[in-house]
Amino acid sequence: MAAPPLQGRHALVTGAGRGIGAAIAARLAAEGARVTLLARTQGQLDQAAGALGKSAQPVCADITDAHATRLAFEQAEGTFGPIDLLINNAGQARSSPTHRAPEDLWHGMLAVNLTGTYHCIRAALPGMIERKFGRIINVASTAGVRGYPYVAAYCAAKHGVIGLTRALALEVAQSNITVNAVCPGYTETDLVRETIANIRQVTGRSAEEARAELTKTNPQGRLVQPAEVANAVAWLCLPGSESVTGQSIAIAGGEVM
């Protein structure tokens, strides 16, 4: 039998305790990678990593803290070796009319969604350049390529992630490192379930009506599934995708083209 295609590779996935991050970690482990699951909530991490067995380890850290991020990456590499595949999935969304949004909402959205991604790249990239191999996939959003009302800070941060992806891809193009973004539309996760609950609370709509409000922008008329995002991430990590870099790939049923 042939060896799994990612055997010998170390993947680090942020925001890996649940939802898209947990799905990505499971998919990469299935392809043979050793996977570090990184997030802020230890209990969720332990459960998600435990489900993957000896090929996975949990590391708890807050990526908005540059020093804590460096220490977490050192811990991860101490067990599984250098990081070959970095998947920046950690993110958060908060909504508010822009003119009424508190100052901390703006700074918080940039810190988690954009600066945290930058911290992780800074921690992993020197080793990738030295070894002349790396795959960096930033989980952005359709909000990184279009606008949505009431989430201006989130949209600004995700647009920043797309810009960071494109710039970095050019910087490292000759080092056998690819840098891409995947941009899910509304996906079946806890975050979207919380959004549906908020819509119900504010508008008095039923859960079905709130769900329909989110799926109406998807021409397929449904929510994206976490496994579909994980499949796209895995493809960008697998042999055969070496010429794909600097791209923002929408996983959104045709919402953006």
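The structure reproduced in this document is the subject of the present report. (Residues numbered from 1 in each chain as written. Predicted model: local features only at pLDDT ≥ 70, side-chain atom pairs only at ≥ 80, totals over all residues. Heavy atoms only, no water.)

Looking now at the packing of helix α1 (residues 19–30) against helix α8 (residues 226–237). Where α1 meets α8, the closest approach of the two axes is 8 Å, and the angle between their N-to-C directions is 45°. In terms of orientation, α1 lies oblique with respect to α8. Where α1 crosses over α8, the two elements pack in a sense that is right-handed. From α1, G19, I20, A23, I24, R27 and L28 reach across to α8, where they touch P226, A227, V229, A230, N231, V233, A234 and C237. When its residues are assigned to classes, the contact of α1 with α8 shows 11 nonpolar, 2 polar and 1 charged. (Axes fitted to C-alpha atoms, helices over the stretch in contact; angles between N-to-C directions. Helix = DSSP H or I, 4+ residues; strand = E, 2+ residues; numbered from the N terminus. Parallel < 35°, antiparallel > 145°, perpendicular 65-115°, else oblique. Left-handed = near helix turned anticlockwise from the far one by under 90°. Contact = heavy atoms within 4.5 Å. Nonpolar A, V, L, I, M, F, W, Y, C, P; charged D, E, K, R; others polar.)

Below, the discussion takes up the nonpolar core. In terms of nonpolar packing, the biggest core is built from 34 residues, with I24, L28, V35, L37, I87 and V182 touching the most fellow members. Sort the elements by how many residues they give to this core and α8 lands first, with 7 residues. Setting aside its immediate chain neighbours within four residues, V35 contacts A11, V13, A25, L28, A29, S55, A56, Q57 and F80. If you look at the next biggest cluster of nonpolar residues, it comprises 22 residues, including L12, L38, F73 and I83. (Core = buried A, V, L, I, M, F, W, Y, C linked by side-chain atoms within 4.5 Å. Buried < 20%, exposed > 50% of the residue type's maximum accessible area, 1.4 Å probe, protein only.)

Before going further, it helps to examine the environment of T36. Mapped onto the elements, T36 comes out in strand β2 (residues 34–39). Through-space distance from the C-alpha of T36 to that of T79 is 9.4 Å; in sequence the pair is 43 residues apart. Setting aside chain neighbours within four positions, we find T36 in contact with H10, A11, L12, V13, Q57, V59, A76 and F80.

Let's shift gears to the state of the cysteines. All chains considered together, the criterion is met by 0 disulfides. Here C60 is not cross-linked by a disulfide; its sulfur's nearest cysteine counterpart is in C120, at 13 Å. The class of C60 is partly exposed, set by a relative accessible area of 35%. There is no disulfide at C237, and the cysteine sulfur nearest it, in C120, is 15 Å away. (Disulfide = S-S within 2.5 Å.)

On to unusual backbone geometry, then. The backbone phi angle of K132 is positive, close to 55°, even though this residue is not glycine. Position of K132 relative to the elements: it lies in the loop between α4 (103–131) and β5 (134–139). The phi dihedral of Y150 is positive, around 75°, even though this residue is not glycine. Within the secondary structure, Y150 is located in the loop between β5 and α5 (152–171). Of the residues examined, Y150 reaches a relative accessible area of 54% and is grouped as exposed.

Function-wise, these values are silent; they only describe arrangement.
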